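Read off the chains here:
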Amino acid sequence: MSMSKPIEVAVIGAGMGGLAVAAMLSRIGCKVDIYEQAHQLARIGAGIQQSPNATVVLRELGLESWLRKKAFYPHFGVSKDWDTGAITNVLPMGEAIESRYGAPFLLMHRGDLHEGILSAVPEGILHLNKKLVGIEPNGGRPKADFADGTVIEADLIIGADGVHSKTQEILFGKTDPVFSGRVAYRTTFPASLMGELQIADRTKWWGPDKHIVIYYTTREKSEVYFVTSLVEEGFSIESWSTQGDVNMLRDHYAGFHPEVQAVLKACPSVHKWALVDRQPLASWSTGSVALLGDACHPMTPYMAQGAATAIEDAAVLSRCIQQVDRDGISEALKLYEAVRKPRTSAIQKTAAENTWMKNKTDADWVYGHNAWTEPLVAAADPLVSSA
Ligand SMILES: Cc1cc2nc3c(=O)[nH]c(=O)nc-3n(C[C@H](O)[C@H](O)[C@H](O)COP(=O)(O)OP(=O)(O)OC[C@H]3O[C@@H](n4cnc5c(N)ncnc54)[C@H](O)[C@@H]3O)c2cc1C
(Lines give C-alpha, C1' and ligand atoms only; values in the text may rest on other atoms or scores of the structure.)
Protein backbone atom coordinates (compact mmCIF):
# COMPACT_ATOMS: atom_id res chain seq x y z
CA MET A 1 0.00 0.00 0.00
CA SER A 2 1.43 3.38 -1.02
CA MET A 3 1.47 5.76 1.92
CA SER A 4 1.58 9.00 -0.08
CA LYS A 5 -2.10 9.57 0.60
CA PRO A 6 -3.51 7.15 3.16
CA ILE A 7 -6.59 5.09 2.38
CA GLU A 8 -9.54 6.64 4.24
CA VAL A 9 -11.74 4.14 6.04
CA ALA A 10 -15.10 4.58 7.78
CA VAL A 11 -15.99 1.78 10.20
CA ILE A 12 -19.67 1.54 11.18
CA GLY A 13 -20.05 0.13 14.69
CA ALA A 14 -17.73 0.11 17.71
CA GLY A 15 -18.27 -3.49 18.83
CA MET A 16 -15.41 -5.98 19.11
CA GLY A 17 -15.11 -6.35 15.34
CA GLY A 18 -15.33 -2.66 14.49
CA LEU A 19 -12.76 -1.64 17.09
CA ALA A 20 -10.41 -4.46 16.11
CA VAL A 21 -10.46 -3.61 12.40
CA ALA A 22 -10.06 0.10 13.17
CA ALA A 23 -6.99 -0.64 15.31
CA MET A 24 -5.46 -2.92 12.68
CA LEU A 25 -6.06 -0.63 9.71
CA SER A 26 -4.68 2.32 11.66
CA ARG A 27 -1.51 0.34 12.33
CA ILE A 28 -0.92 -0.20 8.59
CA GLY A 29 -1.27 3.52 7.88
CA CYS A 30 -4.95 3.94 6.94
CA LYS A 31 -6.83 7.01 8.14
CA VAL A 32 -9.72 5.49 10.07
CA ASP A 33 -12.88 6.91 11.64
CA ILE A 34 -15.41 4.84 13.61
CA TYR A 35 -19.11 5.77 13.70
CA GLU A 36 -21.14 4.26 16.55
CA GLN A 37 -24.86 4.78 17.15
CA ALA A 38 -24.64 4.61 20.97
CA HIS A 39 -24.37 7.81 23.01
CA GLN A 40 -21.81 6.16 25.26
CA LEU A 41 -19.97 2.85 25.50
CA ALA A 42 -21.58 0.82 28.28
CA ARG A 43 -20.04 -2.00 30.32
CA ILE A 44 -22.50 -4.83 29.73
CA GLY A 45 -22.84 -7.56 32.36
CA ALA A 46 -21.64 -10.63 30.53
CA GLY A 47 -18.61 -12.84 30.17
CA ILE A 48 -16.80 -13.77 27.00
CA GLN A 49 -14.46 -16.60 26.08
CA GLN A 50 -11.45 -15.82 23.93
CA SER A 51 -9.95 -18.96 22.48
CA PRO A 52 -6.36 -19.13 21.13
CA ASN A 53 -7.46 -18.25 17.58
CA ALA A 54 -8.66 -14.89 18.99
CA THR A 55 -5.88 -14.24 21.49
CA VAL A 56 -3.22 -14.91 18.84
CA VAL A 57 -4.75 -12.01 16.88
CA LEU A 58 -5.09 -9.73 19.90
CA ARG A 59 -1.44 -10.35 20.78
CA GLU A 60 -0.39 -8.40 17.66
CA LEU A 61 -2.34 -5.40 19.00
CA GLY A 62 -0.16 -5.50 22.11
CA LEU A 63 -3.06 -6.59 24.34
CA GLU A 64 -1.88 -9.95 25.62
CA SER A 65 -0.34 -8.93 28.93
CA TRP A 66 -3.23 -6.56 29.73
CA LEU A 67 -5.77 -9.31 29.04
CA ARG A 68 -3.82 -11.83 31.11
CA LYS A 69 -3.89 -9.40 34.03
CA LYS A 70 -7.67 -9.05 33.81
CA ALA A 71 -8.89 -12.43 32.61
CA PHE A 72 -9.36 -15.79 34.25
CA TYR A 73 -6.92 -18.44 32.98
CA PRO A 74 -8.84 -21.73 33.09
CA HIS A 75 -7.09 -25.07 33.35
CA PHE A 76 -9.96 -27.20 32.09
CA GLY A 77 -13.13 -26.89 30.08
CA VAL A 78 -15.46 -29.59 31.32
CA SER A 79 -18.72 -30.96 29.91
CA LYS A 80 -21.02 -32.57 32.44
CA ASP A 81 -24.40 -34.28 32.51
CA TRP A 82 -26.98 -31.89 33.83
CA ASP A 83 -28.20 -33.96 36.80
CA THR A 84 -25.55 -36.49 37.81
CA GLY A 85 -22.58 -34.26 37.04
CA ALA A 86 -20.94 -37.17 35.20
CA ILE A 87 -18.09 -35.84 33.04
CA THR A 88 -18.62 -36.40 29.31
CA ASN A 89 -15.59 -34.49 28.01
CA VAL A 90 -12.59 -32.55 29.28
CA LEU A 91 -10.71 -29.98 27.21
CA PRO A 92 -7.30 -29.36 28.78
CA MET A 93 -6.78 -25.58 28.88
CA GLY A 94 -4.11 -23.60 30.76
CA GLU A 95 -0.54 -24.35 29.67
CA ALA A 96 -1.68 -27.43 27.73
CA ILE A 97 -3.85 -25.55 25.27
CA GLU A 98 -1.40 -22.65 25.16
CA SER A 99 1.49 -24.85 24.11
CA ARG A 100 -0.68 -26.73 21.62
CA TYR A 101 -1.91 -23.60 19.82
CA GLY A 102 0.67 -21.00 20.82
CA ALA A 103 -1.74 -18.61 22.54
CA PRO A 104 -3.82 -18.64 25.74
CA PHE A 105 -7.50 -19.45 26.27
CA LEU A 106 -8.91 -16.65 28.45
CA LEU A 107 -12.28 -16.02 30.10
CA MET A 108 -13.18 -12.44 30.89
CA HIS A 109 -15.78 -9.75 31.28
CA ARG A 110 -16.96 -8.45 27.90
CA GLY A 111 -16.33 -4.93 29.12
CA ASP A 112 -12.68 -5.74 29.78
CA LEU A 113 -12.21 -7.15 26.28
CA HIS A 114 -13.95 -4.15 24.76
CA GLU A 115 -11.90 -1.72 26.83
CA GLY A 116 -8.71 -3.54 25.86
CA ILE A 117 -9.40 -3.38 22.13
CA LEU A 118 -10.49 0.25 22.43
CA SER A 119 -7.12 1.05 24.00
CA ALA A 120 -5.46 -0.09 20.75
CA VAL A 121 -7.53 2.39 18.71
CA PRO A 122 -5.92 5.81 18.10
CA GLU A 123 -7.46 8.63 20.12
CA GLY A 124 -10.04 10.90 18.55
CA ILE A 125 -11.30 8.59 15.80
CA LEU A 126 -14.40 7.22 17.58
CA HIS A 127 -17.54 9.27 16.91
CA LEU A 128 -20.50 8.43 19.15
CA ASN A 129 -24.18 9.14 18.53
CA LYS A 130 -23.74 8.43 14.81
CA LYS A 131 -26.51 6.10 13.68
CA LEU A 132 -26.01 4.99 10.10
CA VAL A 133 -29.13 5.45 7.98
CA GLY A 134 -27.83 5.26 4.42
CA ILE A 135 -24.90 4.29 2.21
CA GLU A 136 -24.30 5.05 -1.43
CA PRO A 137 -21.85 2.30 -2.42
CA ASN A 138 -21.60 3.01 -6.15
CA GLY A 139 -20.11 5.75 -8.27
CA GLY A 140 -16.74 6.97 -7.01
CA ARG A 141 -16.05 6.95 -3.30
CA PRO A 142 -18.82 5.44 -1.18
CA LYS A 143 -20.82 7.81 1.01
CA ALA A 144 -22.59 7.22 4.30
CA ASP A 145 -25.17 9.32 6.05
CA PHE A 146 -26.26 9.35 9.64
CA ALA A 147 -29.44 10.12 11.56
CA ASP A 148 -28.04 13.43 12.83
CA GLY A 149 -27.55 14.68 9.27
CA THR A 150 -23.81 13.99 9.05
CA VAL A 151 -22.65 12.82 5.63
CA ILE A 152 -19.19 11.34 5.11
CA GLU A 153 -17.31 9.71 2.28
CA ALA A 154 -14.35 7.37 2.42
CA ASP A 155 -12.29 5.08 0.19
CA LEU A 156 -13.58 2.07 2.13
CA ILE A 157 -16.62 1.62 4.37
CA ILE A 158 -16.76 -1.37 6.71
CA GLY A 159 -20.13 -2.36 8.16
CA ALA A 160 -19.31 -3.86 11.56
CA ASP A 161 -22.78 -3.01 12.81
CA GLY A 162 -23.84 -6.32 14.25
CA VAL A 163 -26.54 -8.89 13.64
CA HIS A 164 -29.16 -6.30 12.59
CA SER A 165 -26.67 -4.62 10.27
CA LYS A 166 -28.05 -1.59 8.48
CA THR A 167 -25.08 -1.84 6.11
CA GLN A 168 -26.11 -5.35 5.12
CA GLU A 169 -29.70 -4.22 4.58
CA ILE A 170 -28.57 -1.35 2.36
CA LEU A 171 -26.25 -3.52 0.27
CA PHE A 172 -28.40 -6.62 -0.11
CA GLY A 173 -31.97 -5.81 1.00
CA LYS A 174 -33.73 -6.34 4.30
CA THR A 175 -33.81 -9.87 5.70
CA ASP A 176 -34.33 -10.57 9.36
CA PRO A 177 -31.98 -12.88 11.25
CA VAL A 178 -33.53 -16.23 12.12
CA PHE A 179 -34.72 -16.62 15.71
CA SER A 180 -33.37 -19.96 16.92
CA GLY A 181 -36.39 -20.46 19.19
CA ARG A 182 -34.04 -20.35 22.17
CA VAL A 183 -33.33 -17.83 24.88
CA ALA A 184 -30.13 -17.02 26.78
CA TYR A 185 -30.27 -15.80 30.35
CA ARG A 186 -26.94 -14.32 31.34
CA THR A 187 -25.34 -12.28 34.07
CA THR A 188 -22.15 -11.58 35.96
CA PHE A 189 -22.15 -11.26 39.75
CA PRO A 190 -19.63 -11.18 42.64
CA ALA A 191 -18.32 -14.66 43.49
CA SER A 192 -18.62 -13.72 47.17
CA LEU A 193 -22.41 -14.14 46.82
CA MET A 194 -21.79 -17.89 46.48
CA GLY A 195 -20.24 -18.09 49.96
CA GLU A 196 -17.86 -21.04 50.18
CA LEU A 197 -18.83 -22.50 46.82
CA GLN A 198 -15.98 -22.72 44.30
CA ILE A 199 -16.99 -23.54 40.75
CA ALA A 200 -14.89 -25.58 38.33
CA ASP A 201 -12.83 -23.64 35.77
CA ARG A 202 -15.37 -23.63 32.92
CA THR A 203 -18.24 -26.05 32.91
CA LYS A 204 -21.02 -26.65 30.46
CA TRP A 205 -23.89 -28.59 32.01
CA TRP A 206 -25.77 -30.42 29.24
CA GLY A 207 -29.46 -31.10 29.86
CA PRO A 208 -31.79 -32.86 27.46
CA ASP A 209 -33.36 -29.65 26.15
CA LYS A 210 -31.31 -26.88 27.76
CA HIS A 211 -27.81 -26.12 28.98
CA ILE A 212 -25.90 -23.69 31.14
CA VAL A 213 -22.25 -22.60 30.91
CA ILE A 214 -20.60 -21.25 34.07
CA TYR A 215 -17.16 -19.69 34.57
CA TYR A 216 -15.13 -17.04 36.38
CA THR A 217 -14.37 -13.83 34.46
CA THR A 218 -11.51 -12.36 36.48
CA ARG A 219 -8.01 -13.53 37.21
CA GLU A 220 -8.64 -13.59 40.95
CA LYS A 221 -12.00 -15.42 40.60
CA SER A 222 -13.91 -12.48 42.04
CA GLU A 223 -16.72 -12.57 39.49
CA VAL A 224 -18.90 -15.39 38.11
CA TYR A 225 -20.73 -15.53 34.78
CA PHE A 226 -23.30 -17.90 33.40
CA VAL A 227 -25.19 -18.15 30.15
CA THR A 228 -28.07 -20.49 29.38
CA SER A 229 -29.91 -21.73 26.33
CA LEU A 230 -33.48 -22.91 26.64
CA VAL A 231 -36.79 -22.81 24.85
CA GLU A 232 -39.20 -20.18 26.09
CA GLU A 233 -42.35 -19.63 24.07
CA GLY A 234 -43.24 -16.15 22.92
CA PHE A 235 -39.96 -14.37 23.65
CA SER A 236 -37.84 -13.10 20.78
CA ILE A 237 -36.28 -9.83 21.95
CA GLU A 238 -32.56 -9.13 21.75
CA SER A 239 -31.71 -6.29 24.03
CA TRP A 240 -29.14 -5.73 26.70
CA SER A 241 -31.76 -3.91 28.74
CA THR A 242 -34.27 -6.78 28.90
CA GLN A 243 -34.34 -8.17 32.42
CA GLY A 244 -35.16 -11.83 33.00
CA ASP A 245 -37.06 -13.22 35.96
CA VAL A 246 -34.55 -14.98 38.24
CA ASN A 247 -37.23 -17.14 39.82
CA MET A 248 -38.46 -18.30 36.43
CA LEU A 249 -34.86 -19.10 35.52
CA ARG A 250 -34.40 -21.13 38.71
CA ASP A 251 -37.59 -23.04 37.90
CA HIS A 252 -36.23 -23.87 34.44
CA TYR A 253 -33.18 -25.43 36.08
CA ALA A 254 -34.91 -27.28 38.93
CA GLY A 255 -33.56 -30.82 38.82
CA PHE A 256 -30.13 -29.74 37.57
CA HIS A 257 -27.11 -30.66 39.68
CA PRO A 258 -26.93 -28.94 43.12
CA GLU A 259 -23.89 -26.90 42.00
CA VAL A 260 -25.93 -25.31 39.19
CA GLN A 261 -28.79 -24.60 41.55
CA ALA A 262 -26.43 -23.02 44.08
CA VAL A 263 -25.05 -20.68 41.41
CA LEU A 264 -28.56 -19.68 40.31
CA LYS A 265 -29.61 -19.19 43.92
CA ALA A 266 -26.70 -16.80 44.47
CA CYS A 267 -27.32 -14.71 41.36
CA PRO A 268 -29.25 -11.51 42.10
CA SER A 269 -30.51 -10.61 38.62
CA VAL A 270 -30.28 -11.66 34.98
CA HIS A 271 -30.59 -10.34 31.48
CA LYS A 272 -32.50 -12.25 28.87
CA TRP A 273 -31.58 -12.43 25.19
CA ALA A 274 -33.14 -14.16 22.18
CA LEU A 275 -30.59 -16.23 20.22
CA VAL A 276 -30.49 -15.64 16.46
CA ASP A 277 -28.33 -16.51 13.51
CA ARG A 278 -28.37 -16.43 9.70
CA GLN A 279 -27.49 -18.69 6.84
CA PRO A 280 -24.20 -17.67 5.20
CA LEU A 281 -24.69 -14.64 2.93
CA ALA A 282 -24.16 -14.87 -0.83
CA SER A 283 -21.82 -11.86 -0.75
CA TRP A 284 -20.05 -9.72 1.83
CA SER A 285 -19.28 -6.62 -0.21
CA THR A 286 -20.38 -4.24 -2.94
CA GLY A 287 -17.70 -2.07 -4.51
CA SER A 288 -15.71 -0.58 -1.65
CA VAL A 289 -18.22 -1.37 1.11
CA ALA A 290 -17.79 -4.60 3.08
CA LEU A 291 -19.31 -6.37 6.07
CA LEU A 292 -17.45 -7.81 9.07
CA GLY A 293 -18.33 -9.89 12.14
CA ASP A 294 -21.96 -10.45 13.10
CA ALA A 295 -23.01 -8.18 10.23
CA CYS A 296 -22.06 -10.95 7.78
CA HIS A 297 -21.88 -14.19 9.79
CA PRO A 298 -23.93 -14.09 13.01
CA MET A 299 -24.00 -17.41 14.80
CA THR A 300 -25.51 -19.03 17.84
CA PRO A 301 -23.04 -18.73 20.73
CA TYR A 302 -22.53 -22.46 21.33
CA MET A 303 -18.88 -22.47 20.22
CA ALA A 304 -18.09 -19.04 21.72
CA GLN A 305 -16.74 -17.91 18.36
CA GLY A 306 -18.79 -14.84 17.35
CA ALA A 307 -16.41 -12.19 18.63
CA ALA A 308 -13.41 -14.43 17.96
CA THR A 309 -14.28 -14.71 14.26
CA ALA A 310 -15.01 -10.97 14.05
CA ILE A 311 -11.49 -10.37 15.40
CA GLU A 312 -10.07 -12.86 12.87
CA ASP A 313 -11.97 -11.05 10.08
CA ALA A 314 -10.32 -7.81 11.15
CA ALA A 315 -6.82 -9.28 10.83
CA VAL A 316 -7.48 -10.78 7.39
CA LEU A 317 -9.21 -7.66 6.08
CA SER A 318 -6.29 -5.49 7.18
CA ARG A 319 -3.84 -7.87 5.47
CA CYS A 320 -5.83 -7.77 2.22
CA ILE A 321 -5.98 -3.96 2.28
CA GLN A 322 -2.26 -3.70 3.05
CA GLN A 323 -1.53 -5.38 -0.30
CA VAL A 324 -3.32 -2.82 -2.46
CA ASP A 325 -3.62 0.83 -3.38
CA ARG A 326 -6.88 2.76 -3.41
CA ASP A 327 -7.93 1.37 -6.78
CA GLY A 328 -7.46 -2.21 -5.60
CA ILE A 329 -9.86 -2.00 -2.66
CA SER A 330 -12.84 -3.80 -4.18
CA GLU A 331 -10.59 -6.68 -5.32
CA ALA A 332 -9.07 -6.83 -1.82
CA LEU A 333 -12.58 -7.12 -0.36
CA LYS A 334 -13.37 -10.05 -2.67
CA LEU A 335 -10.18 -11.76 -1.52
CA TYR A 336 -11.07 -11.11 2.14
CA GLU A 337 -14.45 -12.79 1.60
CA ALA A 338 -12.90 -15.72 -0.29
CA VAL A 339 -10.40 -16.31 2.52
CA ARG A 340 -12.88 -15.93 5.36
CA LYS A 341 -16.27 -17.24 4.27
CA PRO A 342 -15.52 -20.98 4.14
CA ARG A 343 -14.28 -20.83 7.74
CA THR A 344 -17.04 -18.66 9.18
CA SER A 345 -19.72 -20.66 7.33
CA ALA A 346 -18.34 -23.89 8.79
CA ILE A 347 -18.35 -22.38 12.28
CA GLN A 348 -21.90 -21.03 11.84
CA LYS A 349 -23.05 -24.51 10.82
CA THR A 350 -21.22 -26.31 13.62
CA ALA A 351 -22.36 -23.82 16.24
CA ALA A 352 -26.00 -24.28 15.24
CA GLU A 353 -25.73 -28.01 15.98
CA ASN A 354 -24.86 -27.31 19.64
CA THR A 355 -22.76 -30.42 20.14
CA TRP A 356 -19.34 -28.69 20.28
CA MET A 357 -17.25 -30.21 23.11
CA LYS A 358 -20.12 -32.26 24.52
CA ASN A 359 -18.00 -35.33 23.86
CA LYS A 360 -14.49 -35.71 22.48
CA THR A 361 -14.17 -33.05 19.74
CA ASP A 362 -11.45 -32.15 17.23
CA ALA A 363 -10.85 -28.51 18.10
CA ASP A 364 -7.67 -27.96 16.05
CA TRP A 365 -9.43 -26.45 13.03
CA VAL A 366 -11.03 -23.79 15.23
CA TYR A 367 -8.50 -23.03 17.97
CA GLY A 368 -5.35 -23.72 15.92
CA HIS A 369 -6.16 -21.11 13.28
CA ASN A 370 -3.93 -18.05 12.94
CA ALA A 371 -5.51 -15.22 10.95
CA TRP A 372 -2.15 -13.44 10.68
CA THR A 373 -0.51 -16.30 8.81
CA GLU A 374 -3.31 -18.07 6.93
CA PRO A 375 -2.57 -17.88 3.20
CA LEU A 376 -4.39 -15.07 1.41
CA VAL A 377 -5.94 -17.33 -1.20
CA ALA A 378 -9.50 -18.59 -1.57
CA ALA A 379 -9.86 -21.05 1.31
CA ALA A 380 -11.37 -24.53 1.35
CA ASP A 381 -14.24 -25.47 3.67
CA PRO A 382 -12.39 -26.60 6.83
CA LEU A 383 -15.06 -29.20 7.58
CA VAL A 384 -14.57 -30.81 4.18
CA SER A 385 -10.78 -30.49 4.15
CA SER A 386 -10.37 -31.84 7.70
CA ALA A 387 -12.71 -34.83 7.08
C1 LIG B 1 -25.26 -15.21 24.76
C2 LIG B 1 -24.06 -14.91 23.94
C3 LIG B 1 -22.80 -15.34 24.36
C4 LIG B 1 -21.67 -15.11 23.55
N5 LIG B 1 -20.45 -15.56 23.97
C6 LIG B 1 -19.36 -15.38 23.17
C7 LIG B 1 -18.07 -15.86 23.58
O8 LIG B 1 -17.91 -16.41 24.67
N9 LIG B 1 -17.02 -15.67 22.74
C10 LIG B 1 -17.14 -15.03 21.52
O11 LIG B 1 -16.15 -14.88 20.80
N12 LIG B 1 -18.36 -14.57 21.12
C13 LIG B 1 -19.46 -14.72 21.90
N14 LIG B 1 -20.67 -14.24 21.52
C15 LIG B 1 -20.79 -13.57 20.20
C16 LIG B 1 -20.35 -12.12 20.27
O17 LIG B 1 -21.01 -11.43 21.30
C18 LIG B 1 -20.66 -11.44 18.94
O19 LIG B 1 -20.38 -12.29 17.87
C20 LIG B 1 -19.80 -10.19 18.80
O21 LIG B 1 -20.16 -9.25 19.80
C22 LIG B 1 -19.97 -9.57 17.41
O23 LIG B 1 -19.19 -8.42 17.32
P24 LIG B 1 -19.50 -7.34 16.19
O25 LIG B 1 -18.49 -6.27 16.39
O26 LIG B 1 -19.61 -8.00 14.88
O27 LIG B 1 -20.97 -6.82 16.53
P28 LIG B 1 -21.52 -6.10 17.83
O29 LIG B 1 -20.72 -6.45 19.03
O30 LIG B 1 -22.99 -6.36 17.85
O31 LIG B 1 -21.27 -4.55 17.56
C32 LIG B 1 -22.02 -3.86 16.61
C33 LIG B 1 -21.92 -2.37 16.95
O34 LIG B 1 -22.53 -1.63 15.88
C35 LIG B 1 -23.35 -0.64 16.44
N36 LIG B 1 -24.41 -0.34 15.46
C37 LIG B 1 -25.46 -1.12 15.10
N38 LIG B 1 -26.22 -0.51 14.18
C39 LIG B 1 -25.61 0.70 13.94
C40 LIG B 1 -25.93 1.78 13.08
N41 LIG B 1 -27.02 1.79 12.29
N42 LIG B 1 -25.10 2.86 13.07
C43 LIG B 1 -23.98 2.90 13.87
N44 LIG B 1 -23.66 1.90 14.72
C45 LIG B 1 -24.45 0.80 14.75
C46 LIG B 1 -23.88 -1.27 17.72
O47 LIG B 1 -24.36 -0.29 18.62
C48 LIG B 1 -22.66 -2.01 18.22
O49 LIG B 1 -21.84 -1.19 19.03
C50 LIG B 1 -21.81 -14.44 22.32
C51 LIG B 1 -23.07 -13.98 21.90
C52 LIG B 1 -24.18 -14.22 22.70
C53 LIG B 1 -25.53 -13.74 22.21
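- The name that an unreviewed UniProt entry assigns to the protein is Salicylate 1-monooxygenase, with the source organism given as Novosphingobium resinovorum.

## Re the site of the ligand
So, point 1. For the ligand, the set of nearby residues contains 32 residues, the closest of which are G17, E36, Q49, L132 and D294.
So, point 2. Take G17: an N or O atom from its main chain is 2.9 Å from an oxygen atom of the ligand.
So, point 3. Contact with the protein chains removes 86% of the 1,000 Å² of surface that the ligand exposes when unbound.
So, point 4. At the level of elements, α1 (16-27), β3 (47-50) and α9 (306-322) are the ones that each hand at least two residues to the shell around the ligand.

## Quick look at helix α2 (residues 52-60)
The periodicity of an α-helix, 3.6 residues per turn, causes residues three or four positions apart to be oriented the same way.
So, point 1. Across the nine residues of α2, seven count as buried, placing the element largely inside the fold.
So, point 2. If you check which residues of α2 are buried, you get P52, N53, A54, T55, V56, V57 and L58.
So, point 3. One or two steps after α2, the chain reaches G62, where phi turns positive at roughly 80°.

## Concerning the environment of M357
So, point 1. In this fold, M357 is placed in the loop between α10 (329-353) and α11 (364-367).
So, point 2. Of the residues examined, M357 reaches a relative accessible area of 5% and is grouped as buried.
So, point 3. Sequence separation of M357 and A332 is 25 residues, and the distance between their C-alpha atoms is 35 Å.
So, point 4. Setting aside residues up to four positions removed in sequence, M357 forms contacts with S79, N89, L91, W206, A363 and Y367.

## Concerning the packing of aromatic side chains
So, point 1. Tallied over the entire structure, the rule returns ten aromatic pairs.
So, point 2. With a centroid separation of 6.2 Å and an interplanar angle of 85°, the aromatic rings of W356 and W365 are classed as edge-to-face. With respect to burial, W356 and W365 carry one shared label: buried.
So, point 3. Taken together through their ring pairs, the aromatic side chains of Y101, F105, W356, W365 and Y367 make up a single cluster.

The rules behind each value
- Residues numbered from 1 in each chain as written.
- Predicted model: local features only at pLDDT ≥ 70, side-chain atom pairs only at ≥ 80, totals over all residues.
- Heavy atoms only, no water.
- Near = heavy atom within 4 Å.
- Polar contact = N/O pair within 3.5 Å; in protein donor to acceptor, adjacent residues only side chain to side chain.
- Areas by Shrake-Rupley, 256 points an atom, 1.4 Å probe, with all protein chains shown as cover.
- Helix = DSSP H or I, 4+ residues; strand = E, 2+ residues; numbered from the N terminus.
- Buried < 20%, exposed > 50% of the residue type's maximum accessible area, 1.4 Å probe, protein only.
- Contact = heavy atoms within 4.5 Å.
- Phe/Tyr/Trp six-rings, centres within 6.5 Å; stacked < 30°, edge-to-face > 60°.

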